[in-house]
Amino acid sequence: MIIRTRLAAGVCALLAALTAGLAFPAGAAAGEPTGQDAPKVDLVLDVSGSMRARDIDGQSRMAAAKQAFNEVLDATPEEVELGIRTLGANYPGDDRKTGCKDTAQLYPVGPLDRTEAKTAVATLTPTGWTPIGPALLKAAGDLDGGDGSKRIVLISDGEDTCAPLDPCEVAREIAAKGIGLTIDTLGLVPTAKLSRQLSCIADATGGTYTSVEHQDELTDRVNQLVDRAADPVVTPVPAEGADRCAGAPTLKSGLYTDREEFGQQRFYRVDVRPGQELRASVSVAADRAVNPGYGVLMRAVTSKGREIVRGEAAGNGRTDVISTGLRYPKAESDDEDAPAEAVCLAVSHSFSAASGVKTTPGLPLELTVDVVDAPSQAGDVAAFGLGRGWWLLGVLILTGFLAGLVWGWLSRWRFAVWRTN
């Protein structure tokens, strides 16, 4: 038993050492976490007439929302500036033009007075229309200014009733401003049409969509989103890629954002010194309707256009974001004054716009660049990271299997000798 235990411990230790090789250091010079200004959250609540429906745990949707808001207000971190905006809360009439202007700031975004905010929420009564688009535009204005994180949490039980101001287009316009604002959406007992609309709004800004059918689910999800706003965030730095390597902007380690039109190729330059390793990844998001079947390609090329390494990925339409990455270790040099090599990252995608969909602005692109000291024996970096080193893992498994067989045979032999004696 002691021998078996020691053998297992040794195998586990070796596996742990191999696994540790998968972790690598990261650095960031651009797009570092910012915490200078307080994080801001604007809760946007649908107070239209349909919120009277009693289908959430035996109570009305409005009652469930009020209870959730009270619990969220109690749990809001002190450092978060929180506000509440309503849509459809004040106009009970049938005039569409007036109803589509019915959005108001119930509690201003700022330091939270919990008692005052709860008192304001208690006055709400389901009333009118569902002007989601206008409410999002106003909410973006509520969060204007500052460089802290900004988040809109939209809670609705019905799709927008004020088209042609399409809320998806509004969300895309907000994202195109590059102000770092995220919109998360929650659908109360949603229909398929509502789910599609709220998903579209969230996807446009990198937010999330959640379907909610119980009051505790609503409370937990809104709490999570408010808490997330208080976490340190990395704000991508805008970078405008060039159409050729020669004119590409030089990037240092960090997180960058850009937009790439359909059929376009963008170039970015990174300087890599001998003994360093370039690690880069790119994500392209479809913030509008696109045709299924697409891909993204990232290539590292020399200044003369020779390809060094590439990363590529393909999608079939089941996800609106597609990502790929690459690694390029540059060998050490005996010359301490050896110059850095200019490596150009060429990014392209094969998304195509669906019929009748706008092609501008381009699709949002997020680029991560990291230049680090390369591991020793950089030429075999993949072996320690289990890229080419699966054979080593296989040998380890085979060795453990054979050791187990030998131990079993020895145990049976010793038992037979004991019985004979």
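Above this text is the structure in question.
These numbers were taken from a predicted model, which means no experiment stands behind them. (Residues numbered from 1 in each chain as written. Predicted model: local features only at pLDDT ≥ 70, side-chain atom pairs only at ≥ 80, totals over all residues. Heavy atoms only, no water.)

Enquirer: Explain the pattern of salt bridges here, please?
Expert: Oppositely charged side chains are able to pair whenever their charged atoms sit close together. As enumerated under the stated definition, the model contains 15 salt bridges in all. One salt bridge connects Glu78 with Arg114, and the closest N-O pair in it is separated by 2.9 Å. Pair noted here: Glu78 is in the loop between α2 (61–75) and β3 (81–87) and Arg114 is in helix α4 (residues 114–122), with a separation of 36 residues, a long-range link. The partner of Glu307 in a salt bridge is Arg310, with the nearest N and O atoms 2.9 Å apart. (Salt bridge = Lys/Arg side-chain N within 4 Å of Asp/Glu carboxyl O. Helix = DSSP H or I, 4+ residues; strand = E, 2+ residues; numbered from the N terminus.)

Enquirer: What exactly am I supposed to notice about unusual backbone geometry here?
Expert: As a rule of thumb, non-glycine residues mostly have phi less than zero, and peptide bonds are mostly trans rather than cis. The step from Thr360 to Pro361 runs through a cis peptide bond, and the omega angle for that step is -5°. Assignment of secondary structure puts Pro361 in the loop between β16 (341–349) and β17 (363–373). Residues other than glycine seldom take positive phi values, yet Asp57 does so here, at roughly 55°. Counting through the fold element by element, Asp57 comes out in the loop between β2 (40–46) and α2. Using a relative accessible area of 47% as the deciding quantity, one classes Asp57 as partly exposed. Unusually for a residue other than glycine, Val189 sits at a positive phi of about 45°. Tracing the sequence through the fold places Val189 in the loop between β6 (181–188) and α7 (192–204). Overall, Val189 belongs to the partly exposed group, its relative accessible area being 26%. (Buried < 20%, exposed > 50% of the residue type's maximum accessible area, 1.4 Å probe, protein only.)

Enquirer: I'm lost on the side chain of Arg259 in this one. Help?
Expert: Looking at the element boundaries, Arg259 is found in strand β10 (residues 254–260). By relative accessible area, Arg259 is classed as buried at 19%. Side-chain polar atoms of Arg259 contact the backbone oxygen of Gly362, separated by 2.5 Å. Contacts of Arg259, omitting those with residues within four sequence positions, involve Arg172, Ala175, Ala176, Gln264, Arg266, Asp287, Arg288, Pro361, Gly362, Leu363 and Pro364. (Polar contact = N/O pair within 3.5 Å; in protein donor to acceptor, adjacent residues only side chain to side chain. Contact = heavy atoms within 4.5 Å.)

Enquirer: For this particular structure, what's the right way to read the sheet that holds strand β9 (residues 237–238)?
Expert: Two strands in a sheet stick together by hydrogen bonds in their backbones, pointing the same way (parallel) or opposite ways (antiparallel). The sheet built from five strands is open, its strands ordered β9-β10-β17-β12-β15 with mixed pairing. Either end of the sheet is taken by a strand with one partner, and the two such strands are β9 and β15 (321–329). Both β10 and β17 contribute to a ladder of seven bridges, which runs antiparallel. Paired with Asp258 across the two strands is Leu365, which belongs to β17. (Pairing = 2+ DSSP bridges.)

Enquirer: Teacher, can you tell me more about the packing of aromatic side chains here?
Expert: Aromatic rings in a pair are described by how distant their centres are and how their planes are angled relative to each other. This structure, assessed with the given rule, holds one aromatic pair. Their ring planes at 20° and their centres at 4.2 Å tell us that Tyr294 and Phe351 sit as a pair that is stacked. One end of the pair, Tyr294, is in strand β13 (residues 294–301); the other, Phe351, is in the loop between β16 and β17, with 57 residues separating them in the sequence. Judged by relative accessible area, which is 4%, Tyr294 ranks as buried. (Phe/Tyr/Trp six-rings, centres within 6.5 Å; stacked < 30°, edge-to-face > 60°.)

Enquirer: Sorry if this is basic, but what is going on with the packing of α2 against α4 here?
Expert: The packing of two helices is summarised by the inter-axis angle and the distance between the axes. Orientation of α2 relative to α4, taken along the N-to-C sense of each, is 170°, at an axis distance of 10 Å. One element, α2, and the other, α4, form an angle in the roughly antiparallel class. Across the interface between the two elements, Lys66, Phe69, Asn70, Leu73, Asp74 and Ala75 from α2 touch Arg114, Ala117, Lys118, Val121 and Ala122 from α4. The residue inventory of the contact of α2 with α4, partitioned by class, reads six nonpolar, one polar and four charged. (Axes fitted to C-alpha atoms, helices over the stretch in contact; angles between N-to-C directions. Parallel < 35°, antiparallel > 145°, perpendicular 65-115°, else oblique. Nonpolar A, V, L, I, M, F, W, Y, C, P; charged D, E, K, R; others polar.)

Enquirer: Just to check I follow, could you spell out the sheet that holds strand β14 (residues 307–315) for this structure?
Expert: The antiparallel open sheet is built from four strands, whose spatial order is β11-β16-β13-β14. Whereas interior strands pair on both sides, the edge strands pair on one side only; in this sheet they are β11 (265–272) and β14. Along the sheet, successive strands turn relative to each other by an average axial angle of 15°, direction set aside. Both β13 and β14 contribute to a ladder of eight bridges, which runs antiparallel. Across the sheet, residue Tyr294 finds its bridge partner in β14, namely Gly315.

Enquirer: Would you mind going over helix α6 (residues 167–176) with me for this structure?
Expert: Since there are 3.6 residues in each turn of an α-helix, residues three or four apart along the chain are aligned in direction. Along α6, the positions that sit buried rather than exposed are Pro167, Cys168, Val170, Ala171, Arg172 and Ile174. A side-chain oxygen of the first residue of α6 lies 3.0 Å from the backbone nitrogen of Cys168; this N-cap is Asp166. Directly beyond the C-terminal end of α6, a positive phi value near 65° is found at Gly178.

Enquirer: So what exactly am I meant to see when it comes to the pairing of β2 here?
Expert: Residues in a regular strand point their side chains to alternate faces of the sheet. The element β2 is largely enclosed, with a buried count of seven among its seven residues. Here β2 shows no split at all, with Lys40, Asp42, Val44 and Asp46 on one side and Val41, Leu43 and Leu45 on the other all buried. The pairing of β2 with β3 spans seven bridges and is parallel. Bridge pairing links Val44 to Arg85 in β3. Where the polypeptide runs from β2 across α2 and back to β3, its parallel neighbour, the crossover connection is right-handed. In this structure, β2 lies alongside strand β5 (residues 150–156), joined through six bridges in parallel fashion. Looking across to β5, one finds that Lys40 is bridged to Lys150. (Right-handed = clockwise from strand over helix to strand, strands pointing away.)

Enquirer: Whenever I open this one, the state of the cysteines confuses me. Can you help?
Expert: Defined simply, a disulfide is a covalent bond joining two cysteines at their sulfur atoms. In the structure shown here, the tally under the stated rule is three disulfides. Through a disulfide, Cys100 is tied to Cys162; the S-S separation comes to 2.0 Å. Residues Cys100 and Cys162 are joined through a disulfide that is left-handed, its torsion about the S-S bond being -95°. Of this pair, Cys100 sits in the loop between α3 (96–99) and β4 (103–110) while Cys162 is found in the loop between β5 and α6, placing the two residues 62 residues apart along the sequence. A sulfur-sulfur separation of 2.3 Å characterises the disulfide bridge that pairs Cys168 with Cys200. A residue pair is termed long-range when its members are at least 10 positions apart, and Cys168 in helix α6 and Cys200 in helix α7 qualify at 32 residues. With respect to class, Cys168 is no different from Cys200; both count as buried. Taken in N- to C-terminal order, the disulfide-linked cysteines of the chain are connected 1-2, 3-4, 5-6. (Disulfide = S-S within 2.5 Å.)

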